[in-house]
Each structure stands twice: as C-alpha cells, then as structure tokens.
Amino acid sequence: MRKVFQEELAQVGEQLIEISKLVSEAFEKATTSFEGADIDLAEDVIAADARIDFLQNSLDERAIDILALQGPVASDLRMIVGSLRMSASLERMGDLARHIAQLARLRYPANVIPETLRETFRSFAKHDLEIAEKLTVLLETRDLEVAREILKANAVVNDLHLSVFKAIARSDWPGSAATTVDVALASRYFERFADHGVSVTQKVTYLVTGAWQPSSIEHS
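All figures in this text were calculated on a predicted structure; none of them were measured in a lab.

Parameters and conventions
Within each chain, residues carry numbers counting from 1 in the order of the written sequence. The predicted nature of this model means local features are confined to residues of pLDDT at least 70 and side-chain atom pairs, given and counted, to a pLDDT of 80 or more, with totals for whole chains, interfaces and linings taken over all residues. Based on all heavy atoms of the structure, the side-chain values leave hydrogens and waters out of the count. We count a stretch as a helix when DSSP gives it H or I for four or more residues in a row; a strand needs E for two or more, and each element gets its number in order from the N terminus. Pairs of residues are marked as contacts when any of their non-hydrogen atoms sit within 4.5 Å. Accessibility throughout is a Shrake-Rupley quantity obtained with a 1.4 Å probe, and a residue counts as covered only by protein chains that appear here. Residues scored as positive are Lys and Arg, those scored as negative are Asp and Glu, and His as well as the terminal groups of each chain are ignored. The atoms used to mark charge sites are NZ of Lys, CZ of Arg, CG of Asp and CD of Glu. We define a salt bridge as a side-chain nitrogen of Lys or Arg found within 4 Å of a carboxyl oxygen belonging to Asp or Glu. For each residue, the accessible area found with a 1.4 Å probe, counting protein chains only, is set against the maximum for its type, and the residue is called buried under 20%, exposed over 50%, and partly exposed in between. Pairing of aromatic rings covers Phe, Tyr and Trp, the last through its six-membered ring, and needs centres within 6.5 Å; plane angles under 30 degrees mean stacked, over 60 mean edge-to-face, and all others mean tilted. Working rule: Lys NZ or Arg CZ, within 6 Å of ring centre, within 35 degrees of ring normal, means a charge sits over the ring. Here the nonpolar core consists of buried residues drawn from Ala, Val, Leu, Ile, Met, Phe, Trp, Tyr and Cys, with membership extended through side-chain atoms lying within 4.5 Å. Simply put, an axis is a line fit to the C-alpha atoms, just over the touching stretch for a helix, and the angle between two N-to-C directions goes from 0 to 180 degrees. Our angle categories are set so that under 35 degrees counts as roughly parallel, over 145 as roughly antiparallel, 65 to 115 as roughly perpendicular, and the remainder as oblique. Helix crossings are classified by the rotation of the near helix relative to the far one: an anticlockwise turn of less than a right angle makes the crossing left-handed, while a clockwise turn makes it right-handed. Classification used: nonpolar for Ala, Val, Leu, Ile, Met, Phe, Trp, Tyr, Cys and Pro, charged for Asp, Glu, Lys and Arg, polar for all others including Gly. In the analysis that follows, any N or O atom pair within 3.5 Å is treated as a polar contact, provided that within protein one partner can donate a hydrogen and the other can accept it, and provided that, for residues neighboring in sequence, both atoms belong to side chains.

Novice: Can you walk me through the overall build of the protein in this structure?
Specialist: Looking only at helices and strands, the protein features seven helices and zero strands. Secondary structure elements of the protein occur, N-terminal to C-terminal, as α-α-α-α-α-α-α. Within the protein, contacts between residues at least 6 apart in sequence are counted, and of these 82% link residues at least 24 apart. Carbon and sulfur atoms provide 53% of the accessible area of the protein, an area that totals close to 10700 Å². Here the protein holds 24 positive side-chain charges and 34 negative ones, and the gap between their average locations is 4 Å.

Novice: Before we go on, may I ask you to explain the pattern of salt bridges in this structure?
Specialist: Two side chains of opposite charge can pair, provided their charged atoms sit close to one another. Under the counting rule described, the total for this entry stands at 16 salt bridges. When the shortest N-O distance is used, the salt bridge between Arg-122 and Glu-35 registers 2.6 Å. In this pair, Arg-122 is assigned in helix α4 (residues 118–141) and Glu-35 in helix α1 (residues 2–36), connecting sequence segments 87 residues apart. Note that Glu-145 is salt-bridged to Arg-148, the shortest N-O span being 3.2 Å. On the criterion of helical spacing, the pair formed by Glu-145 and Arg-148 is a turn pair, its members being three residues apart in helix α5 (residues 144–169). We classify Glu-145 as partly exposed; its relative accessible area is 35%. The partly exposed category is assigned to Arg-148, whose relative accessible area is 22%. Beyond isolated ion pairs, a larger network of salt bridges with shared partners links Asp-49, Arg-92, Asp-95 and Arg-98.

Novice: How should I be thinking about the packing of aromatic side chains in this particular structure?
Specialist: In the structure shown here, the tally under the stated rule is seven aromatic pairs. Ring plane angle 75 degrees and centroid distance 5.5 Å describe the contact between Phe-121 and Phe-190, whose orientation is recorded as edge-to-face. With Phe-121 in helix α4 and Phe-190 in helix α6 (residues 177–209), this residue pair connects regions lying 69 residues apart in the sequence. Overall, Phe-190 belongs to the buried group, its relative accessible area being 1%. Grouped by ring-pair contacts, the aromatic residues Phe-27, Phe-34, Phe-121, Phe-124, Phe-190 and Phe-193 constitute a single cluster. One cation-aromatic arrangement involves Arg-78 over Tyr-206; the distance from NZ or CZ to the ring centre is 5.7 Å.

Novice: Looking at this model, I keep getting lost on the nonpolar core. Mind explaining?
Specialist: The tendency in soluble globular proteins is for nonpolar side chains to be buried side by side. Grouped together as the largest cluster of nonpolar side chains are 63 residues, with contacts concentrated most on Phe-34, Leu-90, Ile-113, Phe-121, Leu-139, Val-183 and Phe-190. Elements with a minimum of two residues in this core: α1, α2 (39–70), α3 (74–107), α4, α5 and α6. Filtering out sequence-adjacent residues up to four positions away, Ile-113 remains in contact with Phe-34, Arg-118, Phe-121, Val-183 and Ala-186.

Novice: What exactly am I supposed to notice about the packing of α5 against α6 here?
Specialist: Helix-helix packing is described using two parameters, namely the angle between the two axes and the distance between the axes. Taken N-terminus to C-terminus, the directions of α5 and α6 make an angle of 160 degrees; their axes are 9 Å apart at the nearest point. Of the possible angle classes, the one that applies to α5 and α6 is roughly antiparallel. With respect to the hand of their crossing, α5 and α6 are arranged in left-handed fashion.

Novice: Looking at this model, I keep getting lost on the packing of α4 against α5. Mind explaining?
Specialist: Interhelical geometry of α4 versus α5 gives an angle of 155 degrees and a closest axis separation of 9 Å. Considering the angle they form, α4 stands roughly antiparallel to α5. Remark: the crossing between α4 and α5 carries left-handed chirality. In this structure, α4 contributes Thr-120, Phe-121, Ser-123, Phe-124, His-127, Asp-128, Glu-130, Ile-131, Lys-134, Leu-135, Val-137 and Leu-138 to the contact, and α5 contributes Val-146, Ala-147, Glu-149, Ile-150, Ala-153, Asn-154, Val-156, Val-157, Leu-160, His-161, Ser-163 and Val-164. Here the residues of the contact of α4 with α5 sort into 14 nonpolar, six polar and four charged.

Novice: Would you take a moment to explain the side chain of Glu-191 for this structure?
Specialist: Checked against the element boundaries, Glu-191 lands in helix α6. What makes Glu-191 buried here is its relative accessible area of 8%. Here Arg-188 takes part through its side chain, which lies 2.7 Å from a polar atom of the side chain of Glu-191. Beyond its immediate sequence surroundings of up to four residues, Glu-191 is in contact with Phe-124, Val-157, Asn-158 and His-161.

Below, the structure is given as structure tokens:
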C-alpha cells in the first residue's frame, strides 16, 4: 500500500510539472500574439486553455482521493495540500495568458499597446516568461536558488507595473480612454501572472523547508 501511495504522490508531482510547462507555452504564445497582433496565435492560446483547466481538475480529483483514502500525515499531507493550492495558481496563470491573448484578439489588427510603452511590455513578457520557465525547474528540482531567482524577476515585474500606472496617470498621457483601459488591464494581467508564480514558489519553499517563511528566500 505504501508503494502505491508513493506512486500516487509522484503522479501528482508530475501533473503539476505538466501544467507548468503548458502555462509557459501558453504565456509565450500569448505575449507573441499580443506584441505582433497575431490573431491566429491568440486563438490557439484561448483554445488551449481548456487543456490546462482539465489537467488542474484531474490533479485536484486525484489529490482529494489520496486525502480521503490514504490518510496522509506530516510531509505527505503538506505535499498534497500544497499541490491543490499550486494547481489553482498555475490554472490562474493559464487564465491570465488567455486574457492577454483575448486582448490581442479584441484589438486586432491594431496593436494593444502604444509605441511609447511597447518596450516596457517586452520587458514584462521577458521576466514573466522567465518566472514561468523557472517554475517548471523549481517543481522538478525544488532548488531554492531557483526560487530566489523567481523572486528577483518578480521584483522587476512589480517595478514595471508601477511604471505603467505612473505613465498613464501623467497629465501629458496621450492615450484615449480605450487605450488607457487596455494598458491598465494588460499591466495588471502581467503583474498578476508573476504574483501567482511567486505563490507557487512560496509553497514549494514550504515543502522543502517545512517552515512558512516566504520572505526568507528573498533575503537570504
């Protein structure tokens, strides 16, 4: 029975990694469609989100079955409960990638972001994608150095988000009302994507250390 239990735990971990990989792929395609007004790529992202949702539901059902049937304790219990919470964050990251693609589709054939802020959003995409890709590595290795790298990238994303809101609040901001809303929404999507990545990072750190001290990996 113990062998079966460990196999089930391993399968939960593998599903988390699979979802993480799909999220990275979705985000990369979403930001490419967003920057290049590529409606076909945007449609691919929107359609593929159903796969992430399905895998999340499957993982959650498996984890709940383990809780009900196996009665895990201590570190195994932390792993299962943590997996439920991480799957929710990863699913939300997939949703945010879909939202970015939907903005691209909404404004096609125009570009969502005005020229003056395009470099900012390229940097957003670069650091968010770094977070997404490193999350997969973190889930595979549980290396806390990778966790620290994710937090550093998130700090950059937070600064970019603040810079966007400062830009659209300026008295000389030239954007229309629709453009202002688009920029604010897009910035929020990019920022929240990183936040959910940090949430997963904190939970992996907890599984490794057994202590809920998310700030410690940022400053150590």
